[in-house]
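Spelled out, the chains give:
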Amino acid sequence: MINLELRRVVITAVILAVFFGLGVGFVAYTQQKTADQIEINRQAVLLGQIMAVLSGEPHDNNPAEDAFLLPEPESLNLGEPVIEPDAEGLMPASPAGESRERAMRAGQLGFRAREDGEVVAVAIPVVTHRGYSGDIRLLVGIRPNGEVTGVRVLVQNETPGLGDKIKADKTDWIHDFAGRRLGDPSAEDWAVQKDGGVFDQFTGATVSPRAVVGAVRQALEYAERHRRQLFDLKSLPPEGEDEHE
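Bear in mind the structure is a predicted one, so any value in this text is a computation, not a measurement.

Asker: Quick one: what's the story with the packing of aromatic side chains, residue by residue and with numbers?
Answerer: Within this structure, the stated rule accounts for four aromatic pairs. Each ring, one from Trp-173 and one from Phe-202, has its centre 5.4 Å from the other, and the planes form 70°; the classification is edge-to-face. Of this pair, Trp-173 sits in the loop between strand S5 (148–155) and helix H3 (207–225) while Phe-202 sits in the loop between S5 and H3, and the two are 29 residues apart along the sequence. Of the two residues, Trp-173 and Phe-202, neither departs from the other in class, the shared state being buried. Against the face of Phe-68 rests Arg-112, its NZ or CZ located 3.9 Å from the ring centre.

As structure tokens, then:
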């Protein structure tokens, strides 16, 4: 009788352990699949926005497949580099495999549009910590001469109906950056009108557009400092000359 009861207890314990293991495994699998799907969705948004900021540039490649590691990503508020330099202190120009995946997840990749092999524009991410409701992540398209081709919002949590008007599907405000460059407007005018600049703000919402204006300027200053690397230039033209006017 005792052996029978003991056998039942053991069988019950084994069954419970099996179901517990299956349950834990299922939850872990579901969480991983959810995380993977979120990442897939995030990358799909990014790739769509790459084409949006570069769509006006004539190119014969797929910019989404012409990715490169951004030098000094911390200068764009993208965090410390996730890819370590090699023994000579050099970063891989075009990451592949696991390196590309890590860099993509960290948002530390730029994308090049080319025509006949020449880089005609790049799309680079930048993050501002000055949003009203947290960080705002942008994608900025830039020509070799420093002109903006376009700007899009990748991630934001601004107030619906107010700060979220920075998005292209809400208003056309963000299109005002196209064709701008450092010096146009002047440094003192590169601000929202409330701060004495030329860019509009929204009624009841100044913080969000102010943050975006500052971030776009930050991206342009970054591109100017890293022009040779971003645009894959072997040499720079004489001062005052631009490759693309």
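The discussion continues.
Asker: An account of the pattern of salt bridges is needed here, citing residue identities and associated values.
Answerer: Tallied over the full model, the rule gives eleven salt bridges. A salt bridge links Arg-105 to Glu-101; the nearest nitrogen and oxygen atoms lie 3.0 Å apart. Pair noted here: Arg-105 and Glu-101 are both in helix H2 (residues 97–106), with a separation of four residues, about one helical turn. Owing to a relative accessible area of 33%, Glu-101 belongs among the partly exposed residues under this scheme. The closest approach of N and O atoms between Arg-217 and Glu-221, which form a salt bridge, is 3.1 Å. Remark: Glu-221 and Arg-217 occur in helix H3; sequence separation between them is four residues, near one turn of the helix.

The rules behind the values
- Residues numbered from 1 in each chain as written.
- Predicted model: local features only at pLDDT ≥ 70, side-chain atom pairs only at ≥ 80, totals over all residues.
- Heavy atoms only, no water.
- Phe/Tyr/Trp six-rings, centres within 6.5 Å; stacked < 30°, edge-to-face > 60°.
- Helix = DSSP H or I, 4+ residues; strand = E, 2+ residues; numbered from the N terminus.
- Buried < 20%, exposed > 50% of the residue type's maximum accessible area, 1.4 Å probe, protein only.
- Lys NZ or Arg CZ within 6 Å of the ring centre and 35° of its normal.
- Salt bridge = Lys/Arg side-chain N within 4 Å of Asp/Glu carboxyl O.

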